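# Geometric and topological summary
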Amino acid sequence: MPAERHITLIGAGLAGALLATLLAQRGWKVDVYEKRGDPRVKGYAGGRSINLALAERGRHALRLASGDDEVMAQAVMMRGRMVHFRDGRTDLQRYGKDDSEVIWSVHRGDLNIVLLDIAEQAGARLHFHRGLDSVDFESRIATFTDDVSGTSHAVGFNALVGADGAGSSLRTAMAREGDLGERTEFLGHSYKELEIPPAPDGSFSIEPNALHIWPRGRYMCIALPNDERTFTVTLFLPNEGDPSFATVRTGADARALFERDFADALPLIPELEDDFERNPAGLLATLYLDRWHLDGRAVLIGDAAHAMVPFHGQGMNCAFEDCVALAEHVDRDTDLASAFASFQAERLPNARAIQQMALENYLEMRDRVDDDDYLLQRALELKLAERHPDRFMPRYAMVTFQRMPYAVAFERGQLQRQLLVDLTRGHDTLDSLDWSLVDATVRERLTPLPRD
Ligand SMILES: Cc1cc2nc3c(=O)[nH]c(=O)nc-3n(C[C@H](O)[C@H](O)[C@H](O)COP(=O)(O)OP(=O)(O)OC[C@H]3O[C@@H](n4cnc5c(N)ncnc54)[C@H](O)[C@@H]3O)c2cc1C
């Protein structure tokens, strides 16, 4: 095996395990070094959110790695957003036209285990309890520490791929060699996870096939179903102001907040005080880099390259798209330096676009899903998608159910947003619209959609 067909991955999380599979399937020799222990031995040791929404981009990557069937066997379908209003009313806002356009709730730990299994079956070698410490890029030696024994291990490499998440150690090592143009923008909001257990008869205690949202202006709760009939609730609050994580500090404070703002959720979360006090608050931020690679010696993917806020449910989906793109580039290009450069050229603009859309979606989810203008624009959006399926597709659908580049979805989304604002201006209902003018405007302003 020539050295250039050998690659060393840092991190066996979601992106690392999937990329290992895709490369090993293409005949590459792959070694993966993971800081934590093997989750298949001692159970999953946590990490970021407990469950995640899997969409078409992620599923496509899983299909290519032959992992989709196994993942989908444990996934729970979410047809739309179930909005919980303050007065206790609920409204299911469908994501797509029918059950072919849905998203799936998957358990992070179970998904990681499936991915590790397929990576190993494909021939990748996994090394656990190996946290990257430092890299000598000159002599191509990476040093890892075993967090159990405290021993240090020096390993030679041909090229490194950083799939070690938002706090990437490889990124830190690369930044010592040259400026990556790194900046982090904190959202000023954090999150905490709580749990809705199954009902006394063992069934789901609220509608299982939905992503539940309690929008409350500057803050919100969401809940995603789990295969074992629980829901993971995520409370998003600002870090300062009232209410915020500065004023809601104890379990009793959390109960008072829920009594006031999330009254219908409160009886569903019997361990609210304990969950709130036990679980850490996670910070939310967007990470921007201008450079993702160090010639042919190292490259970053997934959160290590472009961590984003979670409000479009696309961080993992985007990381999976990175894996497919990187596997194709390294396999196709003649040398790794040009493969990493073309990977970055393809993916960086798309990462920027989904990062921006994820930020915008926070405002939409917490503040707009119960607003009259938004609901009218949303109703028109669905009508236009029906009348002009070749030209108009809601931005959420372009991101979630299609695989066109994120940057294209972003650009078309901006044109469509302006169109919706212009067409609904001065109207309270769709009945008063002049449909021949509406149709002509759509044809004039929107070119036909690209298809996958
Ligand atoms: C609250 C929340 C909700 C989210 N919801 C969604 C969602 O619904 N849908 C979606 O698509 N995305 C979602 N995301 C985003 C998603 O979690 C990430 O985009 C995804 O986990 C990125 O995968 P990754 O492999 O790049 O990083 P990670 O999953 O963070 O994996 C990194 C791996 O590297 C290992 N590691 C770290 N440091 C080292 C080191 N020094 N040496 C060796 N190994 C190391 C870690 O132990 C870990 O296994 C959410 C994120 C959050 C915070």
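Residues numbered from 1 in each chain as written. Predicted model: local features only at pLDDT ≥ 70, side-chain atom pairs only at ≥ 80, totals over all residues. Heavy atoms only, no water.

Turning next to the pairing of strand E7 (residues 103-107). Along any regular strand, the residues point their side chains to alternate faces of the sheet. Most of E7 sits out of view: 4 of its 5 residues are buried. By the bridge criterion, 4 bridges tie strand E3 (residues 51-54) to E7 in an arrangement that is antiparallel. Across the sheet, Ala-53 pairs through a bridge with Ser-105, a residue of E7. In this structure, strand E4 (residues 76-78) lies alongside E7, joined through 3 bridges in antiparallel fashion. Bridging across to E7, Met-78 finds its partner in Ile-103. (Buried < 20%, exposed > 50% of the residue type's maximum accessible area, 1.4 Å probe, protein only. Helix = DSSP H or I, 4+ residues; strand = E, 2+ residues; numbered from the N terminus. Pairing = 2+ DSSP bridges.)

Residues apart from glycine generally show negative phi values, whereas peptide bonds are mostly found in trans. Omega for the peptide link from Asp-242 to Pro-243 comes to 0°, which places this bond in the cis form. For Ser-66, which is not a glycine, the phi torsion comes out positive at approximately 60°. Within the secondary structure layout, Ser-66 lies in the loop between helix H3 (56-64) and helix H4 (68-72). Phi angles above zero are rare outside glycine, and Arg-229 is one such case at about 70°. Relative to the helices and strands, Arg-229 resides in the loop between strand E15 (220-225) and strand E16 (231-238). Classification of Arg-229 by relative accessible area gives partly exposed; the value is 39%.

By nearness alone, 30 residues border the ligand, and Glu-34, Ala-53, Arg-108, Leu-132 and Asp-303 come closest of all. Separating an oxygen atom of the ligand from a backbone N or O atom of Ala-15 is a distance of 2.8 Å. At a separation of 2.8 Å, a nitrogen atom of the ligand approaches a polar backbone atom of Leu-132. Here the ligand loses 92% of its free accessible area of 1000 Å² to cover by the protein chains. Only helix H1 (14-25), E3, strand E9 (131-136) and helix H10 (315-332) provide two or more residues apiece to the shell around the ligand. Its residues placed into classes, the shell around the ligand shows 11 nonpolar, 11 polar and 8 charged. (Near = heavy atom within 4 Å. Polar contact = N/O pair within 3.5 Å; in protein donor to acceptor, adjacent residues only side chain to side chain. Areas by Shrake-Rupley, 256 points an atom, 1.4 Å probe, with all protein chains shown as cover. Nonpolar A, V, L, I, M, F, W, Y, C, P; charged D, E, K, R; others polar.)

What follows is about the nonpolar core. Val-30, Phe-137 and Leu-170 are the most contacted members of the largest nonpolar core, which has 79 residues in total. Other than its neighbours up to four places away in sequence, Val-30 contacts His-6, Ile-7, Leu-9, Ala-20, Leu-23, Ala-24, Ala-124 and Arg-125. Counting residues in hydrophobic clusters, the runner-up holds 34 residues, among them Met-78, Leu-224, Met-398 and Phe-410. (Core = buried A, V, L, I, M, F, W, Y, C linked by side-chain atoms within 4.5 Å. Contact = heavy atoms within 4.5 Å.)

Another point: the domain arrangement of the protein chain. Split into domains, the protein chain comes out as domain 1 (3-75 + 107-183 + 285-359), domain 2 (186-284) and domain 3 (371-445). Computed over C-alpha atoms only, the centres of domain 1 and domain 3 are separated by 36 Å. Buried surface at the junction of domain 1 and domain 3, summed over both partners, amounts to about 1300 Å²; 62% is from carbon and sulfur atoms. Per-residue buried area on domain 1 facing domain 3 is highest for Arg-57, His-312 and Met-357; these three make up 47% of the total on that side. Along the contact surface separating domain 1 from domain 3 lie 0 salt bridges. Counting residues per element, the ones that place at least two in the side of domain 1 that touches domain 3 are H3, H10 and helix H11 (336-368). Examining the composition of the side of domain 1 that touches domain 3, we find that 7 residues originate from one element, H11, more than from any other. Residue classes in the side of domain 1 that touches domain 3 are distributed as 6 nonpolar, 6 polar and 4 charged. (Domains from an automatic or database assignment. Buried area = accessible area lost by both parts, 1.4 Å probe. Salt bridge = Lys/Arg side-chain N within 4 Å of Asp/Glu carboxyl O.)

Within the secondary structure layout, His-84 lies in strand E5 (residues 80-84). Of the residues examined, His-84 reaches a relative accessible area of 4% and is grouped as buried. A polar atom in the side chain of His-84 sits 3.4 Å from the side chain of Trp-214.

A few words on the side chain of Asp-439. Mapped onto the elements, Asp-439 comes out in helix H15 (residues 435-445). A polar contact of 3.0 Å, which involves the side chain of Asp-439, links it to the side chain of His-388. Beyond its immediate sequence surroundings of up to four residues, Asp-439 is in contact with Arg-387 and His-388.

Our focus in this paragraph is the environment of Leu-170. As for its position among the elements, Leu-170 is in helix H6 (residues 169-177). Take Leu-170: its relative accessible area is 0%, and that puts it in the buried class. Sequence separation between Leu-170 and Ala-142 is 28 residues, and the spatial gap between their C-alpha atoms is 9.6 Å. Each residue touching Leu-170, except ones within four places of it in the same chain, is listed here: Ile-10, Leu-132, Val-135, Phe-137, Leu-160, Val-161, Gly-162, Asp-164, Ala-298, Val-299 and Leu-300.

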